[in-house]
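# Residue-level structural notes
The residues making up each chain are set out below.
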Amino acid sequence: MRCDQLYVAGLGTWLPPAEPVAEAVARGDVDEAAARRSGMRSVTVCQDDAPAPAEMAVRAAGLALRRAGTDGTDVRMLLHASLYDQGNALWGTASYVQRRSVRAGCPALEVRQVSNGGMAALLLASAVLAQGGGEVLLTTADRFCPPGFDRWRSDPGTVYADGGTAMLLSAGGGFARVRSLAVVSDPELEGMHREGDPFGEARTASEGVLDLEAHKKRYVARAGMSFSVARVTAGQRDAVKEALADAGVEAADISRWVLPHFGRRRLETNCLRPLGIGAERTTWEFSSRVGHLGAGDQTAGLEHLVRSGALGPGGLCVLMGVGAGFTWSCAVVEILRVPGWTA
């Protein structure tokens, strides 16, 4: 999908202090071999006195709005994406973020597309802004904590991080322009994060620690490795191909790639080798110090590139996302000018 009037007006993140991986190894939270395979240097971790996920989103949203020079009165919709539990049952998380961050009485909705939630929200925002202009605020936030989630062991190959992000989109202008956006879905793979877990009565949390690896192994044992790999590869390939074509660019034109915050081995297998790019053209140096922010990797990665000066006017970057279900997303973003809040 080509985007004609979709601009990034502001970005913000709120991240807790990063904990060195060596400390996690010393405590026995993760074995040294697994830590070495991940390539991670640190991961952002909330302590007991840290804010709840919704409050992290509020802090990130406040920063994005201030950087955009607005109080949020022109926000036509707020979309909040998350992956894990937000801390309260039967509660409108997006409404809390709305009450604390914007002055508008606009619709406030939650997007539950797991790790692809931030990019799915971008797709919804593009449709809203194409019909009447204004602004849309996207937020994400998660805190991956026990007893239900083990940031090191629940999904081996990815280390999960705590934090919140925000992106203010506008039809009227901004420091960057979203030139294209593609989202591809393949529901044949939905069982990869469910296989072996029967449907039952409602429950607020998994029994014991969530083990995504066990679901994947059972799914692959039933569907076959070649089938699973082929479908995953095709979905990502199609999303990238469509986004680049709609933006009128080639892969060689892209200065930086904002990829999901996987561990190094998974990043190599799922992204770097299939795309034919080196880690130096991605946000790996940043993501290896932060970890996987659920639905927020793309916003945090883009903010890092802009703040660090790695992307200047005319520079193109790709935002890539993938979520269980499966859905893949790809957006081509062009930097128009250097915003005043950069380092």
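As shown above, the structure is provided for reference.
A brief structural summary. One numbering rule holds for all chains: residues counted from 1, following each sequence as written. Whole-chain, interface and lining totals are the exception, using all residues; otherwise, since this is a predicted model, local features are given only for residues with pLDDT of at least 70 and side-chain atom pairs are given and counted only at 80 or more. Side-chain figures throughout are based on the complete set of non-hydrogen atoms in the structure, without hydrogens or water.

### Observations concerning the packing of helix 6 (residues 212–223) against helix 7 (residues 225–247)
- The N-to-C vectors of helix 6 and helix 7 enclose an angle of 110 degrees; their axes lie 6 Å apart at closest approach. On the basis of the axis angle, helix 6 is roughly perpendicular to helix 7. Within the contact between the two elements, helix 6 uses Tyr219, Val220 and Ala223 and helix 7 uses Met225, Phe227 and Ser228.
- The classification used treats Ala, Val, Leu, Ile, Met, Phe, Trp, Tyr, Cys and Pro as nonpolar, Asp, Glu, Lys and Arg as charged, and all other residues, Gly among them, as polar. Partitioned by chemical class, the residues of the contact of helix 6 with helix 7 number five nonpolar, one polar and no charged. Helix axes use the C-alpha atoms of the stretch in contact, all axes being lines fitted to C-alpha atoms, and the angles between their N-to-C directions lie in the range 0 to 180 degrees. Numbered from the N terminus, helices here are DSSP runs of H or I no shorter than four residues, and strands are runs of E no shorter than two. For this classification, under 35 degrees means roughly parallel, over 145 means roughly antiparallel, 65 to 115 means roughly perpendicular, and everything else is oblique. Residue contacts are defined here by distance: any two heavy atoms, one from each residue, within 4.5 Å place the two residues in contact.

### Let's talk about the pattern of salt bridges
- Just to be clear on terms, a salt bridge is a Lys or Arg side-chain nitrogen sitting within 4 Å of an Asp or Glu carboxyl oxygen. In this structure the tally under the stated criterion is 19 salt bridges.
- Arg103 is the partner of Asp71 in a salt bridge, and the nearest nitrogen-oxygen pair spans 3.4 Å. One end of the pair, Asp71, is in the loop between helix 3 (53–68) and strand 4 (75–81); the other, Arg103, is in the loop between helix 4 (93–101) and strand 5 (108–111), with 32 residues separating them in the sequence.
- Burial status follows relative accessibility: with a 1.4 Å probe on protein chains alone, a residue under 20% of its type maximum counts as buried, one over 50% as exposed, and anything between as partly exposed. With relative accessibility at 35%, the residue Asp71 sits in the partly exposed group.
- Among the charged side chains, a salt-bridge network with shared partners connects Glu19, Arg27 and Asp29.

### Considerations on the pairing of strand 4
- For strand 4, the buried fraction is high: six of the seven residues fall into the buried class.
- Two strands qualify as a pair provided DSSP detects at least 2 bridges between them. In the sheet, strand 4 pairs with strand 6 (residues 135–142) via six bridges, with the strands oriented parallel. Considered in strand 6, the bridge of Leu79 is made with Leu138.
- By the bridge criterion, four bridges tie strand 4 to strand 5 in an arrangement that is parallel. Note that in strand 5 the partner of Leu78 across the bridge is Ala108.
- We call a crossover right-handed when, viewed with both strands directed away from the observer, the connection leading from the first strand over the helix to the second proceeds clockwise. Viewed along the sheet, the connection from strand 4 through helix 4 into strand 5 turns out right-handed.

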